[in-house]
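Structure at a glance
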Amino acid sequence: MRRSVLGVADQVVSSGSNYLTAFLASLVLAPVDFGAFVLAYAVVTVLLAGTRAVVGEPLLAHLPTVEGSRRRSLGASALSLALVLGLVSALVCAAGGAWFSALLVFAVWMPAALVADAARYVLLARRDTGRALVVDTVWVVVQLAVLGGVLAWGSWSIGWLAAAWGIGAVAAVVAFGVVAPERFAAPRAWWAESRYLSGWFTATSVLGQVQIYLVLLLAGAVLLAVDTAGLRAVQLLVFQPAITLMAALLVLLVPPMAACTAAGDLAGLRRARGRALAAMAVIGVLALLAIPLREVLLSTFFPRYTAYAALVVPIALQTAIGALTVPFQAQIRGFRQGRALFAQQLVQAGALIGCAGIGIALGGVVGLAWGLAVATAIALVAIVARALRLERPVVGTPVVAA
């Protein structure tokens, strides 16, 4: 129980810092600068997601199934691969800065950010949630300290927001070096061990990010810029806080589910899924509470976007429905069935893009929000069906990874 509480706290701190960065940017930057920040931060998020797909997410699914004596060396190898990908990401941001200057300010911080994120996953895969919480707390405390300095002595800019985020990441890497035994090792060992997952996880992550960009491009091509900003503000208000908790549970569920499936323990798998569904139902109910409180919440946190209160209903419904998908996402990852995970992402992407396009055509930004809710409902039905199908071979025999 203590381990679970610390794990949730760690994810809240980690995701909360990302939410804080976006929320603060919406408050202190002019709408044009905020739009530029959102796009630059989106690219950074894609690069981070790509590294998680190669390093972090396979760690959660694979490391709990290997012998204890090999876990430390594999974790060190995974950190080295994250460093290599961080350097590549820095070059991508630097090159992209030639066309989009807001991206350039993130380049120098990418190696530290990707290593710090991978370090979290090494600790979480070992179920060492206490040390993971220490690392993430250092990140957010240092980030807040830098932001406090900007508030006191500087002026707000995209560069300072990026610097606060990056300096926090550097501090997190240092903290990891102090509290954890892992050190860097040759990256080849982790790649050879985990590539049966990394390929499918990377394809799933890329597709997930591409679908987001396609929806953004569709919205940008059809809607006014202020409508896109209003949609994002409502998402930050309703969807983003819930995503923090949903991501926390996903990260916590995958290692024990992987252990259960490797041992053929269907009863343990179902118990974990049942508890997760109960927790996700609570999160969904909390998200739905935003509907009657929408006027008050928007006027308090996003006073520039109170005209978009009508978006709260579909975004809240999307959040509540999406929460129910989390236990089944964790189950598929725990099965180490990368191909099935990618197939599910294909269904989700098709539903999202199709429903978003129909929604925009019928009702503009409000129609888009309702389209996202309908697409999430379709994704829920599909992922439940797929997870239950994959469950059948578990009875009495260990699962074979694909």
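Summary of the structure given here. Throughout this document, residue positions are counted from 1 along each chain, in the order its sequence is written. Since the coordinates come from a predicted model, pLDDT governs what is reported: local features require at least 70, and pairs of side-chain atoms require 80 or more to be given and counted, while whole-chain, interface and lining totals use all residues. Side-chain calculation: all heavy atoms of the structure are included, whereas hydrogens and water are not.

Within the secondary structure layout, Q344 lies in helix 13 (residues 338-391). Only protein chains enter the accessibility calculation, which uses a 1.4 Å probe. A residue is then buried if its area is under 20% of the maximum for its type, exposed if over 50%, and partly exposed in between. Judged by relative accessible area, Q344 falls into the buried class, the value being 4%. Whenever a nitrogen or oxygen atom comes within 3.5 Å of another N or O atom, the pair is scored as a polar contact, on the condition that within protein one atom can donate a hydrogen and the other can accept it, and that pairs from neighbouring residues in sequence are kept only if both atoms are in side chains. From its side chain, Q344 meets the backbone oxygen of A379 in a polar contact 3.3 Å long. Here, residues are in contact when the closest pair of their heavy atoms is within 4.5 Å. With residues near it in sequence (within four places) discarded, Q344 still touches A379, A382, I383 and R386. In this text, helices come from DSSP runs of H or I with a minimum length of four residues, and strands from runs of E with a minimum of two, each type numbered from the N-terminal end.

This part takes up the pattern of salt bridges. We define a salt bridge as a side-chain nitrogen of Lys or Arg found within 4 Å of a carboxyl oxygen belonging to Asp or Glu. A full pass over the atoms with the stated rule returns six salt bridges. Two residues, E57 and R333, come together in a salt bridge whose shortest N-O distance is 3.0 Å. With E57 in helix 2 (residues 31-62) and R333 in helix 12 (residues 312-334), this residue pair connects regions lying 276 residues apart in the sequence. As far as the burial class goes, E57 and R333 line up, both buried. Between D117 and R120 there is a salt bridge, with the nearest N and O atoms lying 3.6 Å from each other. Here the residue D117 and the residue R120 both occupy positions in helix 5 (residues 110-125), the gap between them amounting to three residues, near one helical turn. Judged on exposure class, the residue D117 and its partner R120 are both buried. Within the structure, one salt-bridge network assembled from shared partners comprises R52, D117, R120 and D136.

Bringing the packing of helix 5 against helix 7 (residues 158-179) into the picture now. Packed helix pairs are specified by the crossing angle of their axes together with the interaxial distance, meaning the distance between the axes. The angle between two axes is taken between their N-to-C directions and runs from 0 to 180 degrees, where each axis is a line fitted to C-alpha atoms and a helix contributes only its stretch in contact. Interhelical geometry of helix 5 versus helix 7 gives an angle of 45 degrees and a closest axis separation of 8 Å. The orientation of helix 5 relative to helix 7 falls into the category oblique. For the pair helix 5 and helix 7, the crossing hand works out as left-handed. Along the contact surface, helix 5 presents M110, A112, A113, V115, A116, A119 and L123, while helix 7 presents W165, A169, V170, A172, V173 and F176. A breakdown of the residues in the contact of helix 5 with helix 7 according to their chemical character gives 13 nonpolar, no polar and no charged. By definition in this entry, angles of less than 35 degrees are roughly parallel, angles greater than 145 are roughly antiparallel, angles of 65 to 115 are roughly perpendicular, and the rest are oblique. We call a crossing left-handed when the near helix sits turned anticlockwise from the far one by less than a right angle, and right-handed when that turn is clockwise. Residues were grouped as follows: Ala, Val, Leu, Ile, Met, Phe, Trp, Tyr, Cys and Pro as nonpolar; Asp, Glu, Lys and Arg as charged; and all remaining residues, including Gly, as polar.

On to helix 5, then. Here the expected length of a helix is defined as 1.5 Å per residue gap, with one fewer gap than residues. Its 16 residues place the ends of helix 5 22 Å apart at the C-alpha level, agreeing with the 22 Å of an ideal helix rising 1.5 Å per residue. Count one or two residues on from helix 5 and you reach R127, which has phi positive near 60 degrees.

For helix 2, spanning 32 residues, the distance from its first C-alpha to its last is 43 Å, which sits close to the expected 46 Å at 1.5 Å a residue. Bend angle per residue: angle between axes fitted to the 7 residues ending at that residue and the 7 residues starting there. Of all bends in helix 2, the biggest is about 55 degrees, found at R52.

Attention now goes to the packing of aromatic side chains. Here a pair means two rings of Phe, Tyr or Trp (six-membered ring of Trp) with centres within 6.5 Å. Their orientation is stacked below 30 degrees between planes, edge-to-face above 60, and tilted elsewhere. Within the structure shown, the criterion is met by six aromatic pairs. Considering the side-chain rings of F37 and F106, the 6.2 Å spacing of their centres and the 45 degrees angle between planes classify their relative orientation as tilted. Placement of the pair is F37 in helix 2 and F106 in the loop between helix 4 (101-104) and helix 5, with a sequence separation of 69 residues. Residue classification places F37 among the buried positions, given a relative accessible area of 1%. Plain terms: the ring middles of Y41 and W165 are 6.3 Å apart, the flat faces sit at 80 degrees to each other, and that makes the pair edge-to-face. You can see Y41 sitting in helix 2 and its partner W165 sitting in helix 7, a full 124 residues away along the chain. In terms of burial, Y41 and W165 fall into one category: buried. Here the aromatic residues F37, Y41, F106, W139 and W165 are joined through ring pairs into a cluster of three or more.

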